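Fold and geometry: a report
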Amino acid sequence: MAEHTSSSITIEAAPADVMAVIADFARYPDWTGEVKEAEVLATDAQGRAEQVRLVMDAGAIKDDQTLGYTWTGGHEVSWTLVKSQMLRSLDGSYLLRPAGTGTEVTYRLTVDVKIPMLGMIKRKAEKVIIDRALAGLKKRVESGPK
């Protein structure tokens, strides 16, 4: 089983408000940093994204990828790679738990690139991606609706 990287942050907002920002793919370029374009390709019966095309620019790694999303109630979303130019696999999830007056968000990520990369370097890259995403999510949610 591939090793994963995970990190958590507490956001001062209700879980539903946090999930609303996570589910708003059109706004990802506004707060994620690495996502330059996001396009929902398919939705489920509840109108939630099932497949999303993302154009990424994370410095050394630029990619055009499609991810498949699975929603578990209002507290978890996970994704897996459908297709990519640079990646062999990508599995991730956001898990939300009420925490006092806010929400604890745990982001879990496993990435396998097509080019050779040392495990230690790959995990460091995963950690940078996770930390930037969590910081961007926190800032976006806590700044209120836009």
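Cut-offs used in this document
- Residues numbered from 1 in each chain as written.
- Predicted model: local features only at pLDDT ≥ 70, side-chain atom pairs only at ≥ 80, totals over all residues.
- Heavy atoms only, no water.
- Helix = DSSP H or I, 4+ residues; strand = E, 2+ residues; numbered from the N terminus.
- Buried < 20%, exposed > 50% of the residue type's maximum accessible area, 1.4 Å probe, protein only.
- Contact = heavy atoms within 4.5 Å.
- Areas by Shrake-Rupley, 256 points an atom, 1.4 Å probe, with all protein chains shown as cover.
- Core = buried A, V, L, I, M, F, W, Y, C linked by side-chain atoms within 4.5 Å.
- Pairing = 2+ DSSP bridges.
- Arc of directions from axis to C-beta.
- Phe/Tyr/Trp six-rings, centres within 6.5 Å; stacked < 30°, edge-to-face > 60°.
- Salt bridge = Lys/Arg side-chain N within 4 Å of Asp/Glu carboxyl O.

Regarding the overall build of the protein
Across its full length, the protein holds three helices and seven strands. Along its sequence from the N terminus, the protein presents helices and strands in the succession β-α-α-β-β-β-β-β-β-α. Taking all 146 residues of the protein together, 38% fall into the buried category. Long-range contacts, defined here as pairs at least 24 residues apart, represent 43% of the contacts in the protein between residues at least 6 apart. A total accessible area of about 7900 Å² is found for the protein, and carbon and sulfur atoms account for 55% of it.

Focus on the environment of arginine 97
Summarising the element assignment, arginine 97 is placed in strand E6 (residues 87-99). Along the chain, arginine 97 and glutamate 76 lie 21 residues apart, while their C-alpha atoms are 9.1 Å from each other. Sequence-distant contacts of arginine 97, that is, excluding residues within four places in its chain, are made with Gly102, Thr103, Glu104 and Thr106.

Quick look at the nonpolar core
Across soluble globular proteins, nonpolar side chains have a tendency to be buried as a group. If you look at the biggest cluster of nonpolar residues, it comprises 33 residues, and the most contacted ones within it are Val18, Ile22, Tyr69, Trp79, Tyr94 and Leu137. Elements represented by at least two residues in this core include exactly helix H1 (15-23), helix H2 (28-31), strand E3 (49-58), strand E4 (61-72), strand E5 (76-83), E6, strand E7 (102-113) and helix H3 (119-142). When residues no more than four places from it in sequence are discounted, the contact partners of isoleucine 22 are Tyr28, Val77, Tyr94, Leu96 and Leu137.

As for the environment of alanine 133
Mapped onto the secondary structure, alanine 133 falls in helix H3. Note: C-alpha distance between alanine 133 and threonine 32 (101 residues apart in sequence) is 5.5 Å. In this structure, alanine 133 is in contact with Trp31, Tyr94 and Tyr107, ignoring residues within four places of it in sequence.

Looking at the side chain of serine 93
Within the fold, serine 93 resides in strand E6. With residues up to four places along the chain from it excluded, the contact list for serine 93 reads Glu76, Val77, Ser78, Trp79, Thr106, Tyr107 and Arg108.

Examining the pairing of E5
The pairing of E5 with E6 spans five bridges and is antiparallel. Of the residues in E6, the one forming a bridge with valine 77 is tyrosine 94. Counting the residues between successive antiparallel strands, the hairpin from E5 to E6 contains three residues.

What about the pairing of strand E2 (residues 35-43)?
In this structure, E2 lies alongside E3, joined through seven bridges in antiparallel fashion. From the neighbouring strand, valine 40 faces E3, where its bridge partner is valine 52. What sits between the antiparallel neighbours E2 and E3 is a turn of five residues, in which glycine 47 has the positive phi angle 85°.

A short note on H1
Considered for burial, the residues of H1 that qualify are Val18, Met19, Val21 and Ile22. Across the axial projection of H1, the buried residues extend over an arc of 155°, all falling on one side.

Concerning the packing of aromatic side chains
Counting across every chain of the model gives eight aromatic pairs. An aromatic cluster is present here, built from Phe25, Tyr28, Trp31, Tyr69, Trp71, Trp79, Tyr94 and Tyr107 joined pairwise through their rings.

Details of the pattern of salt bridges
Following the criterion strictly, the structure yields nine salt bridges and no others. Close ionic contact of arginine 48 with aspartate 44 constitutes a salt bridge, the shortest N to O distance being 3.1 Å. When its relative accessible area of 26% is taken as the criterion, arginine 48 is described as partly exposed. For aspartate 44, a relative accessible area of 16% gives the class buried.

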